[in-house]
Amino acid sequence: MKASKEVLMKKEILEKIEIRQGDITRLDVDAIVNAANTKLLGGGGVDGAIHRAAGPELLAECRTIGGCPTGEARITRGYNLPARHVIHTVGPVYSGKPQDSRLLTDCYLNSLTLAVANNLKTIAFPAISCGVYGYPLKEACKIAVDTSIEFIDRHPSLEKIIFIQFSEKDFEVYQDYIKSIS
Ligand code: AR6
């Protein structure tokens, strides 16, 4: 009896998780998450794409924040993006040390906590730290999905968490992991 209830709960949680391939700047969600750096003043990769699509007002708001330590998150408006907000988080530069996974977990936890605190229901993540910061995608994917599942379980007000990958190869890594736990 207890087992079937747990399985049902897991199914409800997994239904709130969506894996997609594409460009995060096109998503019409309450918040997209930016893989930023500690200065919070833009950069390359997904950070550059988000700033380009949001327009200069995003940088102006970021300047008022004064940076963000690794593992933490800050929220701004979305300006010209279809997304209403941007949650900026700073992933670790991969070093192979245990602190990497702790800091990456914090990125997901702090971003999701900010979303719930602002009453947001839908949020999309890129693969934080998996570009120039060099985090191995398979390890990062497990951290992203496991942290999110645990978070949704404790915060049922959250309706959807999207993990969006630019490349088909990265998209398949996420899909395979979700299949392996379903
Ligand atoms: N939509 C979805 N995913 C994307 C997009 C996009 N438009 N563009 C890139 N990706 P990265 P990091 C993927 O390097 O490793 C910046 O300069 C990309 O394929 O953007 O956390 C910041 O300012 C990869 O899987 O972020 C920092 O200095 C993932 O997004 C630094 O890079 C993250 O790659 C942060 O490095």
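The structure under discussion appears in the preceding block.
Given the structure is predicted, the values throughout are model-derived calculations rather than measurements.

What counts, and where the lines are drawn
Residues numbered from 1 in each chain as written. Predicted model: local features only at pLDDT ≥ 70, side-chain atom pairs only at ≥ 80, totals over all residues. Heavy atoms only, no water. Salt bridge = Lys/Arg side-chain N within 4 Å of Asp/Glu carboxyl O. Helix = DSSP H or I, 4+ residues; strand = E, 2+ residues; numbered from the N terminus. Buried < 20%, exposed > 50% of the residue type's maximum accessible area, 1.4 Å probe, protein only. Near = heavy atom within 4 Å. Polar contact = N/O pair within 3.5 Å; in protein donor to acceptor, adjacent residues only side chain to side chain. Areas by Shrake-Rupley, 256 points an atom, 1.4 Å probe, with all protein chains shown as cover. 1 Å grid on protein atoms, 1.4 Å probe; cavity = no way out; pocket = protein on both sides within 12 Å on 5 of 7 lines; lining within 4 Å. Sits in = over half its atoms within 2 Å of the grid points. Nonpolar A, V, L, I, M, F, W, Y, C, P; charged D, E, K, R; others polar.

Right, let's talk about the pattern of salt bridges for a bit. Per the stated rule, a full pass over the model turns up seven salt bridges. K160 is the partner of E18 in a salt bridge, and the nearest nitrogen-oxygen pair spans 3.4 Å. Residue E18 is located in strand 1 (residues 17-21), and its partner K160 is located in strand 6 (residues 160-165); the two are separated by 142 residues in the primary sequence. R74 is the salt-bridge partner of E72, the closest N and O atoms lying 3.0 Å from each other. The partly exposed category is assigned to R74, whose relative accessible area is 26%.

Turning to the site of the ligand, a few remarks are in order. Of all residues adjacent to the ligand, which total 21 residues, the nearest are N37, G44, V46, D47 and S129. The backbone of V46 places a nitrogen or oxygen atom 2.8 Å from an oxygen atom of the ligand. D47 has a polar side-chain atom sitting 2.7 Å from an oxygen atom of the ligand. Computed on the free molecule, the ligand has an accessible area of 710 Å², of which 89% lies beneath the protein chains in the complex. Put simply, the ligand lies in the largest pocket. Counting only elements with at least two residues in the shell around the ligand, the list comes to strand 2 (31-36) and helix 2 (45-54). Per element, the largest residue contribution to the shell around the ligand is four residues, and it comes from helix 2. Considered class by class, the residues forming the shell around the ligand number 11 nonpolar, eight polar and two charged.

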